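Listed below are the residues making up each chain.
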Amino acid sequence: MICVSLARGRHRYLLTELRHLGQQGVDLVELRLDCIQRKVQVKRLLADRPCPVIATCRRKQDGGHWERTEAERLTVLRTAIAEGVDYVDLEDDIAKSIPRFGSTRRIISFHDFKRTPDDLQGLHDYLADLDADVVKIATLANHPNDNLRMLELVRSSSTPTVGLCMGEIGTPSRVLAGQFGAAFTFAPFNPEKILAPGQIPWKQLCEMYRYDAITPSTKVYGVIADPVGHSLSPVVHNAACAAAGIDAVYLPFLVPKGHLGDVLKNSKRWPLAGLSVTIPHKENVVGFASSQGDSVEEIGAANTISFDDETRAMKVFNTDVTAAVAAIQASLAAQEVGFGGRLGLKTVLILGAGGAARAIAFGLKQQGVEVTIASRTVERSQTLAELVNGKVVEWSGRHRLPYDCVVNATPIGMHPKVNETPFEAKHLRPYMVVFDTVYNPENTMLVKEAQDVGCKVVTGVEMFVRQAAEQFKIWHGQEPPEGVMRMALKQATSSVRIIE
Ligand code: NAP
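Residues numbered from 1 in each chain as written. Predicted model: local features only at pLDDT ≥ 70, side-chain atom pairs only at ≥ 80, totals over all residues. Heavy atoms only, no water.

Brief notes about the site of the ligand
The full set close to the ligand counts 22 residues, and Ala-353, Ala-356, Arg-376, Thr-377 and Arg-380 are the nearest of them. One nitrogen or oxygen atom from the main chain of Gly-355 is found 3.0 Å from an oxygen atom belonging to the ligand. A distance of 2.8 Å is found between an oxygen atom of the ligand and a backbone nitrogen or oxygen belonging to Ala-356. Mapped by element, the contributors of at least two residues to the shell around the ligand are α12 (355-366) and α15 (460-476). Tallying contributions element by element places α15 first for the shell around the ligand, with 3 residues. Partitioning the shell around the ligand into residue classes produces 12 nonpolar, 8 polar and 2 charged. (Near = heavy atom within 4 Å. Polar contact = N/O pair within 3.5 Å; in protein donor to acceptor, adjacent residues only side chain to side chain. Helix = DSSP H or I, 4+ residues; strand = E, 2+ residues; numbered from the N terminus. Nonpolar A, V, L, I, M, F, W, Y, C, P; charged D, E, K, R; others polar.)

Written as structure tokens, this is what we have:
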């Protein structure tokens with residue numbers, strides 16, 4: 001069950017949103033009374049409520065907005081109980097001073113904004129003993145496995161429990177709460193009024209993560225990265241699973257560099273079925289694998305993990321290589337051009353020498369294309385050029401030589417710096433193929449300028465969808481709904497720009 005949190009400064013907005021949520025069939029709403037700017041009219045807010053409500057009035061020290069006296073706050077909470085509110089949220093230190101009354105159920109809550117304490121069980125026992133109907137623990141996750149400790153506590157508790165990890169690392173604990181048997185999870189109604197770090201807006205939790213459909217048997221997938229907040233893989237994979245009727249959820253896992261091994265060792269506890277891997281783990285992850293798909297050894301990087309259900313053996317794949325080549329091939333075929341031959345690609349200039357550049361350089365080399373690398377950091381260009389037996393040009397000299405194809409494998413042109421391009425338009429020629437790996441936006445400045453010149457163009461969306469589609473095949477053993485994936489990606493990239 002999702003409890004939708006409402007935080008508005010004025011009674012009338014709060015009531016409008018509460019009525020709206022009632023009409024939407026929401027099971028539980030939290031009224032954050034601490035956000036109300038005037039004297040709190042508890043009776044008015046609780047009269048004719050369309051669904052069960054939690055009355056919460058948070059102090060600043062617990063992450064709230066309450067600025068008046070503690071005595072006034074306690075009066076607000078006592079009044080809510082006297083008015084028969086369905087649940088009242090009481091922090092542990094005031095739980096004893098506000099006794100049980102009527103039918104109101106008591107949520108005894110505890111917050112730690114610095115860490116997730118080691119002794120979560122001891123903390124839970126202490127809170128449950130404060131005459132709790134529901135125990136609520138919200139702590140900052142500093143390590144991805146803090147989520148696990150919290151979720152396992154929730155699953156083992158006999159008292160109904162809500163255990164959430166705050167911060168971006170803690171996002172999985174919010175989405176998987178129901179899978180581990182939590183009484184409910186919290187989600188803010190309004191995406192602009194996020195109340196605690198790492199919260200997921202209600203609509204997103206319902207529509208993208210399909211929270212209510214997650215059960216203990218739902219398979220868990222995700223992307224491990226740092227940073228991970230910008231990743232559109234959850235949008236694409238969750239949409240694909242929903243369309244294909246697959247019982248799976250795909251999450252963003254913020255995994256800092258040093259924590260990769262800990263996360264992989266504990267994969268069974270989540271339980272993880274597969275992972276996408278991106279910056280900064282693509283290379284390190286290979287060392288943890290028991291087996292590898294094509295190209296991983298030669299390229300030294302993987303972007304996909306699949307865990308065996310029984311043995312938990314970890315196999316890694318690189319779907320970037322096939323995706324990049326397939327994206328170019330499809331685009332060239334549509335434009336009646338192929339690799340090699342009179343009209344085909346013989347030479348490519350790749351801008352950038354990171355993970356994307358490496359996959360593309362490797363894939364094109366396999367197709368017999370002569371690769372030249374231009375990167376800001378010349379040592380990285382040299383390392384990559386050696387891998388593919390290619391050439392290096394200085395970043396400043398990238399416009400000089402003629403190439404059949406130019407690939408942007410840098411973030412230049414990516415949202416929000418959409419007015420930047422890594423390759424000046426005056427050096428583009430109509431015979432060139434221009435491949436921009438940036439997918440947000442799809443129509444980068446480089447793409448637009450290349451189209452104006454009459455170049456054949458391949459966009460980052462085509463590569464992104466193909467690498468995700470390959471992952472889908474590996475994990476779910478069936479043909480991916482590529483059209484759904486492409487549409488989800490395009491909608492997400494356009495909505496990011498509309499919101500901002
Ligand atoms: P990465 O490993 O961090 O490599 C980034 C490369 O870009 C490095 O060579 C870096 O040079 C260079 N670079 C960064 N900022 C630059 C700037 N302002 N001027 C010149 N060079 C700059 O990242 P990656 O994983 O390869 O990703 C690169 C881009 O590819 C991403 O931004 C993304 O848009 C795109 N991508 C697309 C897909 C897809 O499926 N469409 C998949 C992966 C990546 P230094 O070494 O000097 O920092």
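That was the structure; now back to the text.
Structural notes on the layout of surface pockets
The volume enclosed by the second largest pocket comes to roughly 280 Å³. Contributing to the lining of the second largest pocket are 16 residues, with Gly-9, Cys-35, Ile-36, Gln-37 and His-65 lying nearest its centre. Here the residues of the lining of the second largest pocket sort into 7 nonpolar, 3 polar and 6 charged. (1 Å grid on protein atoms, 1.4 Å probe; cavity = no way out; pocket = protein on both sides within 12 Å on 5 of 7 lines; lining within 4 Å. Points joined across faces, edges and corners; volume = space filled by probe spheres on them.)

Focus: the confidence of the model for the chain
On average, residues of the chain score 94 in pLDDT, and 96% of them are at 70 or above. Scored below 50 in pLDDT, residues 496-500 shows 6 contacts in the model against residues more than four places distant or in partner chains. (pLDDT = per-residue confidence, 0-100. Contact = heavy atoms within 4.5 Å.)

Quick word on empty space enclosed by the protein
Under the definition given, this model contains 2 cavities of 30 Å³ or more. Space inside the largest cavity adds up to approximately 40 Å³. A breakdown of the residues in the lining of the largest cavity according to their chemical character gives 4 nonpolar, 2 polar and 3 charged. Counted as a void, the second largest cavity has a volume near 30 Å³. Every residue lining the second largest cavity is listed: Lys-282, Ala-301, Ala-302, Asn-303, Asn-318, Asp-320, Gly-355 and Ala-359. A breakdown of the residues in the lining of the second largest cavity according to their chemical character gives 3 nonpolar, 3 polar and 2 charged.

Some remarks on the sheet that holds strand β18 (residues 405-408)
Two pairing modes exist for strands in a sheet, parallel and antiparallel, and in both the strands are linked by backbone hydrogen bonds. Strand order across the open sheet formed by 6 strands is β17-β16-β15-β18-β19-β20, with parallel pairing between neighbours. The sheet terminates laterally at β17 (391-394) and β20 (456-459), the two strands that pair on one side only. For this sheet, the mean angle separating the axes of adjacent strands, direction not counted, is 20°. Where strand β15 (residues 347-351) lies against strand β16 (residues 370-375), 5 bridges are found, and the strand directions are parallel. Note that in β16 the partner of Ile-350 across the bridge is Ile-373. Sheet strands touched by α12: β15, β16, β18 and β19 (433-436). Its angle to β15, the strand with the most contacts, is close to 170°. (Pairing = 2+ DSSP bridges. Axes fitted to C-alpha atoms, helices over the stretch in contact; angles between N-to-C directions.)

Focus on the packing of aromatic side chains
Counted according to the given criterion, the structure contains 7 aromatic pairs. An angle of 40° between the planes, with centres 6.0 Å apart, marks the rings of Phe-189 and Trp-202 as tilted. Note that Phe-189 is positioned in the loop between β8 (185-188) and α7 (202-207) and Trp-202 in helix α7, a separation of 13 residues in sequence. Residue Phe-189 shares its accessibility class with Trp-202, and that shared class is buried. Relative to Phe-464, the ring of Tyr-439 lies with its centre 4.5 Å away and its plane at 40°, an arrangement referred to as tilted. With Tyr-439 in the loop between β19 and α14 (445-453) and Phe-464 in helix α15, this pair connects stretches of sequence that are 25 residues apart. Here Phe-464 falls in the buried class, since its relative accessible area comes to 8%. Clustering of aromatic rings is evident, with ring pairs tying together Tyr-87, Phe-184 and Phe-186. It is Arg-68 that lies over the ring of Trp-66; its NZ or CZ is 4.4 Å from the centre. Against the face of Trp-395 rests Arg-398, its NZ or CZ located 4.1 Å from the ring centre. (Phe/Tyr/Trp six-rings, centres within 6.5 Å; stacked < 30°, edge-to-face > 60°. Buried < 20%, exposed > 50% of the residue type's maximum accessible area, 1.4 Å probe, protein only. Lys NZ or Arg CZ within 6 Å of the ring centre and 35° of its normal.)

A few points about α12
Between its first and last C-alpha atoms α12 spans 17 Å; for 12 residues at 1.5 Å apiece the expected length is 16 Å, and the two agree. Every buried residue belonging to α12 is among Ala-357, Ala-359, Ile-360, Ala-361, Phe-362, Gly-363 and Leu-364, and all of these are buried. Looking one or two residues past α12, Gly-368 carries a phi angle of roughly 85°, positive in sign. (Expected span 1.5 Å × (residues − 1).)

A few points about a positive patch on the surface
Taken together, the side chains of Arg-10, Arg-12, Arg-38 and Arg-44 define a basic patch exposed on the protein surface. What makes Arg-10 partly exposed here is its relative accessible area of 35%. (Patch = residues over 30% accessible without salt bridge, like charges linked within 9 Å, V, L, I, M, F, W, Y side chains within 5 Å. Areas by Shrake-Rupley, 256 points an atom, 1.4 Å probe, with all protein chains shown as cover. Salt bridge = Lys/Arg side-chain N within 4 Å of Asp/Glu carboxyl O. Lys, Arg positive; Asp, Glu negative; His and termini not counted. Charge placed at Lys NZ, Arg CZ, Asp CG, Glu CD.)

Some thoughts on the nonpolar core
One recurring pattern in soluble globular proteins: nonpolar side chains tend to sit buried together. By size, the foremost hydrophobic cluster in this structure holds 110 residues, and its most contacted members are Leu-31, Leu-33, Phe-253, Val-285 and Ile-305. Of the residues forming this core, the biggest block, 7 residues, is contributed by α15. Split by domain, the residues of this core number at least three in each of domain 1 (2-212) and domain 2 (222-318). Excluding anything up to four places from it in sequence, Leu-31 contacts Leu-6, Leu-14, Leu-18, Leu-45, Leu-46, Val-53, Ile-54, Ala-55 and Thr-56. Of all hydrophobic cores here, the second largest spans 26 residues; its members include Ile-360, Val-369, Cys-405 and Met-463. (Core = buried A, V, L, I, M, F, W, Y, C linked by side-chain atoms within 4.5 Å. Domains from an automatic or database assignment.)

With respect to the pairing of β15
In terms of burial, β15 is a largely internal element, 4 of the 5 residues being buried. Handedness of the β15-α12-β16 crossover: right-handed. (Right-handed = clockwise from strand over helix to strand, strands pointing away.)

Describing the packing of helix α4 (residues 120-128) against helix α5 (residues 144-156)
Two numbers describe how α4 lies on α5: the axes approach to 10 Å, and their chain directions differ by 45°. Taken as axis vectors, α4 and α5 run oblique relative to one another. Helix-helix and strand crossings are classified by hand; for α4 and α5 the assignment is right-handed. Between α4 and α5, the contacting residues are Leu-120, Gln-121 and His-124 on the first element and Arg-149, Met-150, Leu-153 and Ser-156 on the second. (Parallel < 35°, antiparallel > 145°, perpendicular 65-115°, else oblique. Left-handed = near helix turned anticlockwise from the far one by under 90°.)

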